[in-house]
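Examination of the molecular architecture
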Amino acid sequence: MSRIHVLHENPLWLPPLATAFNQRGLPWTEWFMHNGIFDLSAPPPEGVFYNRMSASSHTRDHRYSAELTAGVLAWLAAHGRRVVNGSGALDLEISKARQYAALTAHGVPTPRSILVAGRQKVLDAARLYFANRPVILKPNRGGKGLGVRLFHTLEGLTEHVHSAEYEEPVDGLVLLQDYIRAPEPFITRAEFIGGRLVYAVRVDTSEGFELCPAEACAIGDLACPVGEAPRHKFEILPQSIPGELRGKLERTLADSSVEVAGIEFIADEHGRLFVYDINTNTNYNPEAEERDGRAGTDRSGPGALATFLGTELARLYPKAA
Ligand SMILES: Nc1ncnc2c1ncn2[C@@H]1O[C@H](COP(=O)(O)OP(=O)(O)O)[C@@H](O)[C@H]1O
Ligand SMILES: [Mg+2]
């Protein structure tokens, strides 16, 4: 029987989508991309495939999941299977350098970024490009904000790079990036499904850079900035994002064959917007969706995604759905 196949490596992120599939009576199954056996000389099963491999898979002891997924996606493509977020999405997911190239090609501003290979080159690059300016250090293959650090001085960065705390990035690459000083501690994350904007969510950054919206990440829904009343960390915005940016982002995604993504941007003190992260594996914050009256509907992230995948299944396999 043809069904929806979800390729993933984190079972904790699956329940919201599983519920949405089940509520809609859609046939689906999961492919856990950590270990497994794949007969590449046989055709894959029929169905619609949704790849949600995550850039942070190595942080869950799934060091080779992205590599395994790349091979499996090539096999699916060779047999003409419909894959939502295929190899173009995986390429972006595991490389911020590629994300910035894709964004730049569509005229989307990104923070000035220097790609560095080799721990010993990090300080050379910082001296050359960020002499007296604050700098963000982030892994090229990242996720959930892990390893993203802000340094106000070269001394601070030097100390960190020489310390035991410095983690070698999994692909050997880091980015040094201009720190975008937002006048207020918020970023915006725009959620796209089927290549179109569903909603934008405002995320409170007052407590740091680890901003995974999934319930399973359980970092708490309330932000408690010093001296201020607690507020919700994730808040769906009543308005869309600026039309020009929206068009450019939708074209960027289309060109990279990405259909599902959460794209993050930040505004500086002049109101200029900079896009710095494309999450092709995206999670939705259930409390924010609940407060916005979206939970359980097609206007929620999991609901819109399940409906989109179900529509694709019905289109390609009219008898399955
Ligand atoms: N250039 C930057 N200027 C200011 N804040 C940043 C910058 N880059 C990242 N951040 C902050 O760090 C968080 C994590 O960075 P991000 O690039 O999204 O990494 P990840 O892929 O791990 O989520 C962002 O959501 C934002 O709050
Ligand atoms: Mg991010």
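Residues numbered from 1 in each chain as written. Chains lettered and ligands numbered in written order. Predicted model: local features only at pLDDT ≥ 70, side-chain atom pairs only at ≥ 80, totals over all residues. Heavy atoms only, no water.

**Regarding the overall build of the protein**
Spelled out, the test is: Strands here mean DSSP runs of E at least two residues long; helices mean DSSP runs of H or I at least four residues long; both are numbered from the N terminus. The globule rule used here is 2.2 Å times the number of residues to the 0.38 power, and the radius of gyration it is set against is calculated over C-alpha atoms. Under the scheme applied here, a residue whose accessible area is under 20% of the maximum for its type counts as buried, over 50% as exposed, and between as partly exposed, the area being computed with a 1.4 Å probe on protein chains only.
Regarding its fold elements, the protein presents nine helices and 15 strands. Since a compact globule built from 321 residues should have a radius of gyration of about 20 Å, the 20 Å found for the protein is in line with a globular shape. Each principal axis of the C-alpha distribution contributes one length, and for the protein these read about 65 × 45 × 35 Å. Looking at the protein residue by residue over its 321 residues, the buried ones come to 52%.

**Some details on the sheet that holds strand S1 (residues 3-8)**
Our working definition: For two strands to count as paired, DSSP must find a minimum of two bridges between them. Between the N-to-C directions of two axes lies an angle of 0 to 180 degrees, each axis being a line fitted to C-alpha atoms and, for a helix, fitted only over the stretch in contact. Here a residue-residue contact requires only that any non-hydrogen atoms of the pair lie within 4.5 Å.
Taking strand neighbours across the sheet as the criterion, the four strands line up as S2-S1-S3-S4 in an open arrangement whose pairing is parallel. Every interior strand has two partners, whereas the edge strands, strand S2 (28-32) and strand S4 (82-84), have only one. Averaged over neighbouring strand pairs, the angle between their axes works out to 25° when direction is ignored. Inspection of the sheet shows S1 paired to strand S3 (residues 47-51) by five bridges, in the parallel sense. Of the residues in S3, the one forming a bridge with Leu7 is Asn51. With respect to the sheet, helix H9 (residues 301-316) is in contact with S1, S3 and S4, its orientation differing from that of S3 by roughly 150°.

**Things to note about the coordination of the magnesium ion (ligand 2)**
Put simply, the rule is: Metal donors: N, O and S atoms at distances within 2.8 Å, or within 3.2 Å for Na, K and Ca, with water omitted from the atom set so that some sites may seem incomplete.
All of the protein donors around the magnesium ion (ligand 2) are Glu264 (OE) and Asp277 (OD); their distances to the metal are 2.1 to 2.4 Å. Separated by 13 residues along the polypeptide, Glu264 in strand S14 (residues 260-267) and Asp277 in strand S15 (residues 273-279) bring together distant segments of the chain. In terms of burial, Glu264 and Asp277 fall into one category: buried.

**Some points on the site of ligand 1**
Using the following cut-off: The cutoff for a nearby residue is simple: one of its non-hydrogen atoms must lie within 4 Å of the molecule or strand. Each polar contact in these results corresponds to two N or O atoms within 3.5 Å; when the atoms are within protein, one needs to be able to donate a hydrogen and the other to accept it, and residues that are neighboring in sequence are counted only if both atoms are side-chain atoms. Only the protein chains shown count as cover for residues, with accessible areas throughout obtained via the Shrake-Rupley method and a probe of 1.4 Å. Under the scheme applied, nonpolar residues are Ala, Val, Leu, Ile, Met, Phe, Trp, Tyr, Cys and Pro; charged residues are Asp, Glu, Lys and Arg; polar residues are all the others, including Gly.
Neighbouring ligand 1 are 21 residues, the closest being Lys96, Lys138, Gly145, Asp178 and Tyr276. Interatomic distance of 3.4 Å between a backbone N/O atom of Lys144 and an oxygen atom of ligand 1. Expressed as a share of its isolated accessible area of 550 Å², the protein-covered part of ligand 1 is 97%. Of all the secondary structure elements, the ones that give two or more residues to the shell around ligand 1 are strand S6 (135-139), strand S8 (173-178), S14 and S15. Tallied by class, the residues present in the shell around ligand 1 amount to 11 nonpolar, four polar and six charged.

**Brief notes about the sheet that holds S8**
Strand order across the open sheet formed by four strands is S5-S8-S6-S7, with antiparallel pairing between neighbours. Either end of the sheet is taken by a strand with one partner, and the two such strands are strand S5 (113-117) and strand S7 (149-151). Strand-to-strand twist across the sheet, computed as the mean angle between neighbouring axes with direction ignored, equals 25°. Two strands pair when backbone bridges link them, and S6 and S7 are joined in this way by three bridges, in the antiparallel orientation. Bridge pairing in S7 links Val135 to Phe151. This element, helix H5 (residues 119-129), spans S5, S6 and S8 of the sheet and lies at about 155° to S5.

**Things to note about the packing of aromatic side chains**
Here is the rule: Here is the rule: rings of Phe, Tyr and Trp (six-membered ring for Trp) pair when centre to centre is within 6.5 Å. Planes less than 30 degrees apart are stacked, more than 60 are edge-to-face, and the remainder are tilted. Note on criteria: charge over ring means Lys NZ or Arg CZ within 6 Å of the ring centre, with the direction from the centre no more than 35 degrees off the ring normal.
Under the definition given, this model contains five aromatic pairs. Taking the centre distance of 5.4 Å and the plane angle of 85° together, the rings of Trp31 and Phe49 count as edge-to-face. Remark: Phe49 occurs in strand S3 and Trp31 occurs in strand S2; sequence separation between them is 18 residues. For Trp31, a relative accessible area of 13% translates into the label buried. Taking the relative accessible area as the measure of exposure, Phe49 reaches 1% and is therefore buried. Ring centres of Phe38 and Trp75 lie 6.4 Å apart, and the angle between their planes is 75°; on these two criteria the pair is classed as edge-to-face. In this pair, Phe38 is assigned in the loop between S2 and S3 and Trp75 in helix H2 (residues 65-78), connecting sequence segments 37 residues apart. Owing to a relative accessible area of 9%, Trp75 belongs among the buried residues under this scheme. In this structure an aromatic cluster arises from ring pairing among Trp31, Phe38, Phe49 and Trp75. Over the face of the ring belonging to Phe130 we find Arg112, whose NZ or CZ atom lies 4.6 Å from the ring centre.

**Here's the deal with H9**
Quick note on the threshold: The length a helix should cover is 1.5 Å for every residue beyond the first.
Spanning 16 residues, H9 covers 23 Å between terminal C-alpha atoms, matching the ideal 22 Å at 1.5 Å per step. Backbone nitrogen of Gly303 and a side-chain oxygen of the N-cap are separated by 2.9 Å at the start of H9; the cap is Ser300.

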